[in-house]
Amino acid sequence: MKLPAWVMKPLRHPRVIRFVDRVFMRLQPAPGGEAHVLVAPPGRGNIGDQALVEAFVETVEGHVIVAVRSTRDIAVAPRFAGRMQLIELPALVYGSAMGRARDLRRLAAAASDATTFSIVGADIMDGAYVPRASVNRALLARRFAELGWNTRVLGFSWNASPHPVALDQLRRAARAGALLCVRDPLSAERARRDGLEVTETADIVFVAQGGDSLVLARVWPTLVDSDRLALVNASGLVEAGIEPYVATIQTLRSSGMKVLIVPHVSRPGADDLPFCDELAARFSNDEGVRALRALLTPPEIRGLGARASIAVTGRMHLAVMSTMSGTPALTLATQGKVEGLMNLLGTPQLCLEPGPGLEQRLPEAVSMLIENEPELRGAILAALPTVTSLASKNFDGMLPAGARVTSSDGAHGAAA
């Protein structure tokens, strides 16, 4: 039975959720336990969210319990079978107090041998998308920290205008002992200005290892080694229309590049696939333009990024997984998260704001990217060791003594 709004609204109030957390969470850290609890991002048709979870599981040792809204949200890659467990907790982040109480009991039972509690922060902690979910994640971090768990919010961006309740609860989580890891200097500056105690890191995907070097042979078997390749993502999140991307591909083709159109997210409300299909249809007679019709895995995206000469994207994690091999990625900025990434990589010119005039500005920026690709690649490769080291700071205190996070192969065209 669906309860009326006048009943549900108070059951979703942060004070009620906080009361439920205190009543239903009497967990104590299990001495000597080796398991980890990870609260996943929304996932379900988002390669970036999948990449964040996989980077975490790949980096830590031991069993990983991944809390998801639905087991359809995150896939368990074959290489993690037996070590990665999904636990379906639909109300933990998005539900009311009653559902949260039920899910907390299930989580407590599943996490009896775990001593670390982590939340994938990404761009979902400042309330810019779903304020209630941001607040509920912060409340979880606060309660687990209060109970003595090794608690952290992994590499997240911080908006210039955060939701006030999300900000307040993150402050309280930090005071309780939760480690707040922001993933770029601009986010760190904003967060400290808002009174948050944060640790500067980088996006955890930067610690992921290798990619699928055979992916291009499967998706474009006629491409030869001498072909210069550009990846183009038309994001369903960027309200720019199709014409700026049409002009972009025309610019790329006039320079002699082959173009692979790459969707990165496919879910209601932010679906790249229809947009990418429409874009591909405009070049249906051009054999130098090809489009993917389905989402790839994170290793496959890293394999494409390693082979590409450049990328143009409205999705930040396509940029991350391209730059991991030194490939410059011109990225349309959304939610204030791209500027900090590009500053971290030493390539602020690769961040482009959407808005008026994009149909002219985007192809102009692409022309700049083509002309300066060697210098931009050099700057990214020079910055990557520092960026990878920063990304590894997300895991400080979680890895066995002496363990190190190593960087993936940064050589152009090489993917392990």
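These remarks concern the structure in this document.

### Remarks on the environment of Ile-301
Line of reasoning, step 1. Along the chain, Ile-301 turns up in helix H11 (residues 298-307).
Line of reasoning, step 2. Along the backbone, Ile-301 and Leu-318 are 17 residues apart, and their C-alpha atoms lie at a distance of 7.4 Å.

### Regarding the sheet that holds strand E5 (residues 150-156)
Line of reasoning, step 1. With parallel pairing, 7 strands are arranged side by side in an open sheet as E3-E2-E1-E4-E5-E6-E7. Unpaired on one side and paired on the other, strand E3 (84-88) and strand E7 (199-200) mark the two borders of the sheet.
Line of reasoning, step 2. Pairing geometry for strand E6 (residues 179-182) and E7, over 2 bridges, is parallel. Directly across from Cys-181, in E7, lies its bridge partner Thr-199.

### Description of helix H15 (residues 373-392)
Line of reasoning, step 1. For H15, spanning 20 residues, the distance from its first C-alpha to its last is 28 Å, which sits close to the expected 28 Å at 1.5 Å a residue.
Line of reasoning, step 2. Considering bend angle alone, the principal kink of H15 is centred on Leu-384 and spans about 40°; proline Pro-385 follows within four residues of it.
Line of reasoning, step 3. All of the buried residues along H15 are Glu-373, Leu-376, Arg-377, Ile-380, Ala-383, Leu-384, Val-387, Thr-388, Leu-390, Ala-391 and Ser-392.
Line of reasoning, step 4. Residues of H15 that are buried sit in contact with E7, strand E11 (310-313), helix H12 (316-323), helix H13 (338-344) and helix H14 (358-371).

### A short note on the packing of H14 against H15
Line of reasoning, step 1. H15 packs onto H14 with a crossing angle of 75° between their chain directions and a minimal axis gap of 5 Å. As the angle between them shows, H14 and H15 are arranged roughly perpendicular. Together, Met-368, Leu-369, Ile-370 and Glu-371 of H14 and Glu-373, Pro-374, Glu-375 and Leu-376 of H15 make up the contact between the two elements.
Line of reasoning, step 2. Of the residues in the contact of H14 with H15, the class split is 5 nonpolar, no polar and 3 charged.

### Some words on the packing of aromatic side chains
Line of reasoning, step 1. The full count for this structure, using the stated rule, is 5 aromatic pairs.
Line of reasoning, step 2. Where Phe-144 meets Trp-149, the ring centres are 5.0 Å apart and the plane angle is 90°; that geometry is what we call edge-to-face. For the pair Phe-144 and Trp-149, a shared accessibility class is recorded, and that class is buried.
Line of reasoning, step 3. Geometrically, the ring pair formed by Phe-156 and Trp-158 is edge-to-face, given 6.1 Å between the ring centres and 75° between the ring planes. With respect to class, Phe-156 is no different from Trp-158; both count as buried.
Line of reasoning, step 4. Members of the aromatic cluster, each reached through a chain of ring pairs, are Phe-117, Phe-144 and Trp-149.
Line of reasoning, step 5. Above the face of the Tyr-94 ring, Arg-69 is positioned so that its terminal group lies 4.2 Å from the ring centre.

### Focus on the pairing of strand E9 (residues 258-261)
Line of reasoning, step 1. Relative to E9, strand E8 (residues 229-232) runs parallel, the two sharing 4 bridges. Residue pairing for E9: Ala-230 is matched across the bridge by Val-259.
Line of reasoning, step 2. Here E9 runs beside strand E10 (residues 289-291); their pairing, made up of 3 bridges, is parallel. Residue pairing in the sheet places Ile-261 in a bridge with Ala-291 of E10.
Line of reasoning, step 3. Between the parallel pair E9 and E10, the chain is carried across by helix H10 (residues 272-281), and the sense of this crossover is right-handed.

Definitions and cut-offs
Residues numbered from 1 in each chain as written. Predicted model: local features only at pLDDT ≥ 70, side-chain atom pairs only at ≥ 80, totals over all residues. Heavy atoms only, no water. Helix = DSSP H or I, 4+ residues; strand = E, 2+ residues; numbered from the N terminus. Pairing = 2+ DSSP bridges. Expected span 1.5 Å × (residues − 1). Bend = angle between axes of the 7 residues up to and from the residue. Buried < 20%, exposed > 50% of the residue type's maximum accessible area, 1.4 Å probe, protein only. Contact = heavy atoms within 4.5 Å. Axes fitted to C-alpha atoms, helices over the stretch in contact; angles between N-to-C directions. Parallel < 35°, antiparallel > 145°, perpendicular 65-115°, else oblique. Nonpolar A, V, L, I, M, F, W, Y, C, P; charged D, E, K, R; others polar. Phe/Tyr/Trp six-rings, centres within 6.5 Å; stacked < 30°, edge-to-face > 60°. Lys NZ or Arg CZ within 6 Å of the ring centre and 35° of its normal. Right-handed = clockwise from strand over helix to strand, strands pointing away.

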